[in-house]
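Residues per chain, in single letters:
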Amino acid sequence: MRHLLSIADLNRADALSILDTAVELARISDAPVKKLPTLRGKTIVNLFFEDSTRTRISFEAAAKRLSADVINFSAKGSSVSKGESLKDTAQTLQAMGADAVIIRHSASGAAQWLADSHWIGGSVINAGDGTHEHPTQALLDAFTIRKHLGSTSGDLKGLHIAIVGDILHSRVARSNVLLLSLLGAEVTLVAPPTLLPMGVQTWPVKVSYDFDSVLPHVDAVMMLRVQQERMQDLFFPTAREYSHFFGLNRDRLSLMKKSSIIMHPGPMNRGLEITAECADSARSVIVEQVANGVSVRMAVLYLLLAGAQQEQGGLLA
Amino acid sequence: MTKYLLTGARLANNQQADVLISDGVIVGIGENISHPDATRASKIDVAGCKILPGLVDLHTHLREPGREDSETVHSASRAAAKGGFTAVSAMANTFPVADTAGVVEQVYRLGQSAGLVDVFPIGAVTQGIAGKALAELGAMAQSAARVRVFSDDGNCVFDPMVMRRALEYVKQFDGVIAQHAQEPTLTHGAQMNEGTISSILGLKGWPAVAEEAIIARDVLLVDHVKSRLHICHVTTAGGVEIIRWAKARGIEVTAEVTPHHLLLTDEMAKTYNPIFKVNPPLRTEADVMALREGLADGTIDIVATDHAPHPAEDKECEWQNAAFGMIGLETALSIVQKTMIDTALMTWETLAERMSTAPAKIGRYSAQGQGITLGSPAHVTVINPSQSWRVDRDLVSSRSRNTPFHGMELPGKIVATFFNGIPTVLDSRLVKAGNNG
Amino acid sequence: MSVALPAADISRALTRIAHEILERNEGATQITLLGIPTRGAHLAKRLAQIIATIEKVPLSEIAVGTLDITMHRDDLRLRAPRALMPTMIPPVGIESRHVILVDDVFFSGRTIRAALDALGEMGRPKSVQLAVLVDRGHRELPIRADFVGKNLPTAHSQSVKVHLTEIDGVDEVIIEDEVSA
C-alpha cells in the first residue's frame, strides 16, 4: 500500500494494524523523549489548499515525532492562490524530493487525482478532500472509540454509534461510515432528510430522523459540525429549529447510557449542534480525539513510509 | 478527378450496390452501372463496407470565434470529415456569442472556406445566451447563414415566458428551438449525476429531475403555441418517457442523444478523472438502456455529438475545477455501431435515418440528408463495420484531446467520406487539407 | 536440521543465567528485565519467575517488561514495515536501574544497538546488560553479551531458530542449513 486516499481502500486487517500500531505509538508519546528516528531523512509535505490548522499541526507533530522533515505548503499566499494548477504544484514538490504529500483540498477526489496522476512519485495521504473523505479522522475516531469502549485490540463488534448532523456535506461521516462498519460497529445516521445523501439506503447504516429515540441505545454519539451557511441553501429553516431537533443538549445527555461517550471532529459550533455543557461534560472525549490524532497519523506515516514499499499486499509484511 | 465509382459495398438497407459519383452528384447506384461516367471514374474498391449518406451533426462546439486554442472551424471540420460527417451545426456559445447576423455569417464563411463539411451556425435564443432578452432571431434567419436552429446550449432557456416567446417567434421562418434542458436552481454547482455514486464520491449531484422538469414544461409549451421544439442531449429514462408521451399526443418535439450517453455511465466518475465530466452528466446503466431503446424506437430522433473540445489544462485538474465536455466527432459512428448495431437494437438503415436524414430535416439543411439516392448531392460516408480500431487521443484531428474513449477498441472504421462529391477522407486518411489549410 | 539445545538444556541455561544476574547485581532489587519481543519477552518472563523463586519473593516484586525496537531498526528502509510489538515498562521504570535486555538469539548485534537507542529515549539506566539464550557469533557491531545460555558456532548460511512452549508448543533450539530453493 502506497497511499491512504479512502477508507474504502482498507480491509479489516489493514485498519486494525493501523490502530494497533497507533496504540504502541501512543505509549511512546507519553515517554520523556517523544522523538523516534524512524523517518529520519524523509521529506513530508503538508499541502493544504484549504485552511485547517488543527489537521495540519496534527500531521506536522506526527511527522516530526518520527524525525521526518516537514514542509508546510499552504495555498494561502503562495503561487497556488495566484492560479497555479495542482499539476504544477505537484511537480514542484516532486522536484524537491517529497517522500509523501499530505493533501487537504476543497475538491472531492483531489487526493486520488494527485495519486493517480503520476506527477509525483511519493505517497499521497488524504487529509480531507471536499465532501468526500477524511480517512485519518475516521481512524482516530475509531481509535478513540476502541480505547473507551472496545477491547484494546480487536474490532468494534457490538458497539452502536450514532453520527448526527450534516451527513450530506461531511467527509468525516463518509469515512466513519466505512470504517466503523468495517470494524463491525452498528452505525445510525441521524439527520434531517435534507442533509442525508441520495442513496443512503445503500450504505451499511441505519437512518433515523428522531435523535431522542436513538440516543438511549448508542455507545458513542458523534456530532458533526453544521455550518450556518447551510441555512441559506434551505437545508433547515433556522439554527434554532436545527438545535431543537438535532442538537446535543442537557436533556438529551440524560437519555444516554452512563458509559457512552460524546465525540466531535471539531471545530465545534457551540450552541448549534452541541451545547457547551455537553462538549465539556465528563463523557466528552473531544479533546482526547485531538491527542489520539497524532498517534494515528504517526501510525499511518510509519506504515506508508518506513521501509521498502511493496506494490501488492497489505500494510504489513 | 471528380468521378468516383465505389465498388463492392452494401447500402444501409443491405443492398449490394456500386455507387457512382460524378461532379458532386450521385449518378448511379446498383450493380453493373451503365452510366457513361462509370468507365471514366476512378474506381475505389470498398468491398465489405457500408455506404451511408454523409452524417449530419446537429450539435457541435467549434469554439471559433473566441476559443481557437481548443478548436477552430477548420480543425473541427477535419475531425468531422474523419468521423464521416458532411455537415455540422456550430453551437452559439462562442466568444462573442453567435447572437447576431454578423457572428453567424462569420462562422458560416469560415466553414465554407475550410470546405470539408457544411458548417451550419446555430443562433443564440437570447442575447449573450443570458436567458433574458431575445436575440435577433429574424436577422440570423435571413442572413447568409440562413439559421433555422436556435439554442442557448450550455445554458437552459429557463424563464418560461422567454421560452414561450422564442418558440412562437421562430414559427415565421420555420425555426426550431433546441433546448438545453437543465433546471438551473436544481443544479447549482452540480458535478455529476445525483445518485448512489455521487453520494459516495462526495461530488455534488445533478438530479435527473432537473432535466425532466424542463422537458416536461417545454413539450407542454410547444404544444400550446404549436411551434417546433428540439431537446438537446437527453440523458435520463424519465426524459425519454416524457418525450414518448409527448409524441404520442402529436406534439412537435424532436430529441437527440449523444454517443457518450449511449455508452458511458456515472461509474466512470469513480476515477475522479475529469475526462468523464460532461454536461449533462453521465447517468446510470438504466438510463443508458432507456436511451438506447428510445433511439431504436424513434422516441429519440437523432444522434448528435455535443463535440466539446477543451484544452488540456481545463481537464488536467481537480474534477470540480475542470470544464464540462468531451470531443466526439471522430468516434460517434463507431460508438453508435457498438451500442446500437452490434447489439442488434437498430439496423444500419435506421442509423442512417438517425445520423443523417433526421438531423438534416430538423435543421432544414435541404442539401444534406437525402440519402444515397440518384440525383442527390454526393455526401457519402463509407464505413468498414468489421474493422476495429483503437482510439488514440494523440492521433485525433480535433485540436483538443479530451476524448473519454482513449485506449478503447471500437468497431467500425471510416474508410472514406465524400463531401459534395469530393473525397475528404480516403483510406481512412484525410485527403484534403481544406481550402485554407 | 539438528536440535542444538533440547528443552532440559534451555531450562538449565536460564537457571544459570538467573543466578549470574543475581550475583552480578547483588540481588534482584535493582534490576529491570526487558525482553525484546517476541521470544525475548517470554524468556524475560521466565527469568523473572526463576529469579523470584531463587530470591523467595512474589513474582510481582521482580521488575519485568518488554521493549519493542522496531522503530529504531537500521534496516527499516530495506523491508516492508512491520507491526509494532508492545513495549511494557514496569512501574519502577528504568531510571537508575540495572536494565537486563533479554533476547533469544544474539547475531549481528543490530537489534541490541536499536534497543540501546530505544532505551536512551526513555531514561538513563545505571547500567545496561545483555542476556541471550544463544550466541551464534557473526557480530557486525562492537557489542557483547553479559550472560549467554550457549555459544553456538554457526556458518553464515545456517539459521538458528528458538522455539518456546508459549508460542511454538515446544522448547528447543534448532540449527537449519538454509537450502537455497
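Here the structure is a predicted model, which means the values were calculated and not measured.

**Some words on the overall build of chain B**
Okay, step 1: Within chain B, the regular secondary structure consists of 12 helices and 20 strands.
Okay, step 2: The C-alpha radius of gyration of chain B comes to 21 Å, within 12% of the 22 Å expected for a compact globule of 437 residues.
Okay, step 3: Referenced to the eigenvectors of the C-alpha coordinate spread, the extents of chain B come out at roughly 65 × 45 × 45 Å.
Okay, step 4: By the burial criterion, 59% of the 437 residues in chain B qualify as buried.
Okay, step 5: Long-range contacts, defined as pairs at least 24 residues apart, comprise 74% of the intrachain contacts of chain B with a sequence gap of at least 6.

**Overview of the overall build of chain A**
Okay, step 1: Counting secondary structure elements, chain A contains 11 helices and nine strands.
Okay, step 2: Computed over C-alpha atoms, the radius of gyration of chain A comes to 19 Å, within 12% of the 20 Å expected from 2.2 N^0.38 for 317 residues, which places it in the range of a compact globule.
Okay, step 3: In terms of overall dimensions, chain A has C-alpha extents of about 55 × 45 × 35 Å along its principal axes.
Okay, step 4: Across the 317 residues that make up chain A, the buried fraction comes to 52%.

**Concerning the environment of Gly109 of chain C**
All names here are of chain C.
Okay, step 1: Mapping Gly109 onto the fold places it in the loop between strand S4 (98-106) and helix H3 (110-120).
Okay, step 2: Residue Gly109 is classed as partly exposed on the basis of its C-beta count, with 17 C-beta atoms lying within 10 Å.
Okay, step 3: Each C-alpha atom, one on Gly109 and one on Val173, is 19 Å from the other, the two residues being 64 residues apart in sequence.
Okay, step 4: With residues up to four places along the chain from it excluded, the contact list for Gly109 reads Arg139, Glu140, Leu141 and Ile143.

**Digging into the interface of chain B and chain A**
Okay, step 1: Taken together, the contact between chain B and chain A spans 17 residues of the former and 20 residues of the latter.
Okay, step 2: Counting residues per element, the side of chain B that touches chain A draws most heavily on helix H6 (residues 196-201) of chain B, at four residues.
Okay, step 3: The class makeup of the residues in the side of chain B that touches chain A is five nonpolar, eight polar and four charged.

**A closer look at the pairing of strand S2 (residues 69-74) of chain A**
Okay, step 1: Of the pairings in the sheet, the one linking strand S1 (residues 43-48) of chain A to S2 of chain A comprises six bridges and is parallel in character. Paired with Phe48 of chain A across the two strands is Ser74 of chain A, which belongs to S2 of chain A.

**Some details on the sheet that holds S2 of chain A**
All names here are of chain A.
Okay, step 1: Pairing within the open sheet is parallel, and its four strands lie in the order S2-S1-S3-S4. Unpaired on one side and paired on the other, S2 and strand S4 (123-129) mark the two borders of the sheet. Between one strand and the next, the sheet's axes are offset by a mean angle of 15°, whatever the strand orientation.
Okay, step 2: With five bridges joining them, S1 and strand S3 (residues 100-105) adopt parallel strand pairing. Paired with Asn46 across the strands is Ile102, a residue of S3.

**A closer look at the sheet that holds strand S8 (residues 172-177) of chain C**
Residues and elements named next belong to chain C.
Okay, step 1: Pairing in this open sheet of three strands is antiparallel, and the strands run S1-S8-S7 from one edge to the other. For this open sheet the edge positions go to strand S1 (2-5) and strand S7 (158-163), each flanked by a neighbour on one side alone. Geometrically, the sheet is characterised by an average inter-axis angle of 30° between neighbouring strands, direction not taken into account.
Okay, step 2: As paired strands, S7 and S8 are joined by six bridges and run antiparallel to one another.

**Description of the pairing of strand S6 (residues 50-53) of chain B**
Residue and element names in this part refer to chain B.
Okay, step 1: Along S6, one buried face is formed by Lys50 and Leu52 and the opposite face, lined by Ile51 and Pro53, is buried too.
Okay, step 2: With two bridges connecting them, strand S2 (residues 10-11) and S6 associate as parallel partners. Looking at S6, one finds that Leu11 is bridged to Ile51.
Okay, step 3: Bridge analysis of S6 against strand S17 (residues 380-390) gives four bridges, and the strand direction is antiparallel. Across the sheet, the residue bridging to Ile51 is Val382, located in S17.

**A look at the domain arrangement of chain A**
Residue and element names in this part refer to chain A.
Okay, step 1: Its domain assignment divides chain A into domain 1 (7-133 + 290-305) and domain 2 (135-289).
Okay, step 2: Relative to domain 2, the C-alpha centre of domain 1 lies at a distance of 25 Å.
Okay, step 3: With 26 residues of domain 1 at the contact, the number on the domain 2 side is 25 residues.
Okay, step 4: Mapped by element, the contributors of at least two residues to the side of domain 1 that touches domain 2 are helix H1 (12-29), S4 and helix H11 (286-305).
Okay, step 5: At eight residues, the largest contribution of residues to the side of domain 1 that touches domain 2 is made by H1.
Okay, step 6: The residue makeup of the side of domain 1 that touches domain 2, split by class, is 13 nonpolar, seven polar and six charged.

**Regarding the interface of chain A and chain C**
Okay, step 1: Across the boundary between the two partners, chain A contributes 20 residues, which contact 18 residues of chain C.
Okay, step 2: Ranked by residue count, the leading element in the side of chain A that touches chain C is H1 of chain A, at five residues.
Okay, step 3: Residues of the side of chain A that touches chain C, tallied by class, amount to 12 nonpolar, five polar and three charged.

**Digging into the domain arrangement of chain B**
All names here are of chain B.
Okay, step 1: Under the domain assignment, chain B is made up of domain 1 (3-51 + 375-385 + 409-430) and domain 2 (52-363).
Okay, step 2: The C-alpha centroid of domain 2 is placed 29 Å from the C-alpha centroid of domain 1.
Okay, step 3: Facing the 18 residues of domain 1 at the interface are 22 residues of domain 2.
Okay, step 4: Counting only elements with at least two residues in the side of domain 1 that touches domain 2, the list comes to S6, S17, strand S18 (409-419) and strand S19 (422-426).

**With respect to the packing of helix H2 (residues 53-65) of chain A against H11 of chain A**
The description of two packed helices rests on the angle between their axes and on the distance between the axes.
Residue and element names in this part refer to chain A.
Okay, step 1: Look at H2 against H11: their axes get within 8 Å of each other, and the N-to-C directions meet at 55°. Classified by the angle between their axes, H2 and H11 sit oblique to one another. Once H2 is placed against H11, the crossing between them reads as right-handed. Across the interface between the two elements, Arg54, Ser58, Phe59, Ala61, Ala62, Ala63 and Arg65 from H2 touch Val290, Gly293, Val294, Arg297, Met298 and Leu301 from H11.
Okay, step 2: Along the lines of polarity and charge, the residues of the contact of H2 with H11 split into eight nonpolar, two polar and three charged.

**Concerning helix H5 (residues 160-169) of chain B**
Okay, step 1: Those residues of H5 of chain B not exposed but buried are Met163, Ala166 and Leu167 of chain B. One face of H5 of chain B carries all of its buried residues, which in axial projection span an arc of 100°.

**Digging into H11 of chain A**
Residue and element names in this part refer to chain A.
Okay, step 1: Taking 1.5 Å of rise per residue, the 20 residues of H11 would be expected to cover 28 Å, and the 29 Å separating its terminal C-alpha atoms lies within 8% of that figure.
Okay, step 2: Burial within H11 is extensive, with 16 of its 20 residues counted as buried.
Okay, step 3: Residue Gly307 follows H11 closely and has a positive phi angle near 85°.

**With respect to the confidence of the model for chain B**
Okay, step 1: The pLDDT averaged across chain B works out to 96; a share of 98% of its residues lies at or above 70.
Okay, step 2: This complex was scored by the predictor with a pTM of 0.90 and an ipTM of 0.92.

**Describing unusual backbone geometry**
Okay, step 1: For the bond from Gly266 of chain A to Pro267 of chain A, the omega torsion is -10°, close enough to zero to count as cis.
Okay, step 2: Looking at the element boundaries, Pro267 of chain A is found in the loop between strand S9 (261-263) and helix H10 (276-279).
Okay, step 3: Following Asn279 of chain B, the chain continues to Pro280 of chain B via a peptide bond in cis, the omega torsion being -5°.
Okay, step 4: Position of Pro280 of chain B among the secondary structure elements: in the loop between helix H9 (259-263) and helix H10 (285-297).
Okay, step 5: Unlike most non-glycine residues, Lys226 of chain B shows phi in positive territory, near 55°.
Okay, step 6: Structurally, Lys226 of chain B can be placed in the loop between helix H7 (208-225) and strand S14 (229-231).

**Re the environment of Lys35 of chain A**
Residue and element names in this part refer to chain A.
Okay, step 1: Along the chain, Lys35 turns up in the loop between H1 and S1.
Okay, step 2: In the structure, Lys35 is positioned 24 residues away from Asn11 in sequence and 30 Å away in space, judged by C-alpha atoms.
Okay, step 3: When near neighbours in sequence (up to four residues on either side) are disregarded, Lys35 contacts Arg65 and Ser67.

**Some details on the nonpolar core**
Okay, step 1: If you look at the biggest cluster of nonpolar residues, it comprises 248 residues, and the most contacted ones within it are Val101, Leu114, Ile161, Val164 and Val221 of chain A together with Phe150 of chain B.
Okay, step 2: Of the residues forming this core, the biggest block, 11 residues, is contributed by H11 of chain A.
Okay, step 3: Apart from the residues within four sequence positions on either side, Phe150 of chain B is in contact with Ile122, Gly123, Ala124, Val125, Leu137, Ala166, Val170, Gly175, Ile177 and Ala178 of chain B.

Parameters at a glance
Residues numbered from 1 in each chain as written. Chains lettered and ligands numbered in written order. Predicted model: local features only at pLDDT ≥ 70, side-chain atom pairs only at ≥ 80, totals over all residues. Helix = DSSP H or I, 4+ residues; strand = E, 2+ residues; numbered from the N terminus. Rg over C-alpha atoms; globule rule 2.2 N^0.38 Å. Buried ≥ 20, exposed ≤ 12 C-beta atoms within 10 Å, placed from the backbone. Contact = placed C-beta atoms within 7 Å. Nonpolar A, V, L, I, M, F, W, Y, C, P; charged D, E, K, R; others polar. Pairing = 2+ DSSP bridges. Axes fitted to C-alpha atoms, helices over the stretch in contact; angles between N-to-C directions. Domains from an automatic or database assignment. Parallel < 35°, antiparallel > 145°, perpendicular 65-115°, else oblique. Left-handed = near helix turned anticlockwise from the far one by under 90°. Arc of directions from axis to C-beta. Expected span 1.5 Å × (residues − 1). pLDDT = per-residue confidence, 0-100. Core = buried A, V, L, I, M, F, W, Y, C linked by C-beta atoms within 7 Å.

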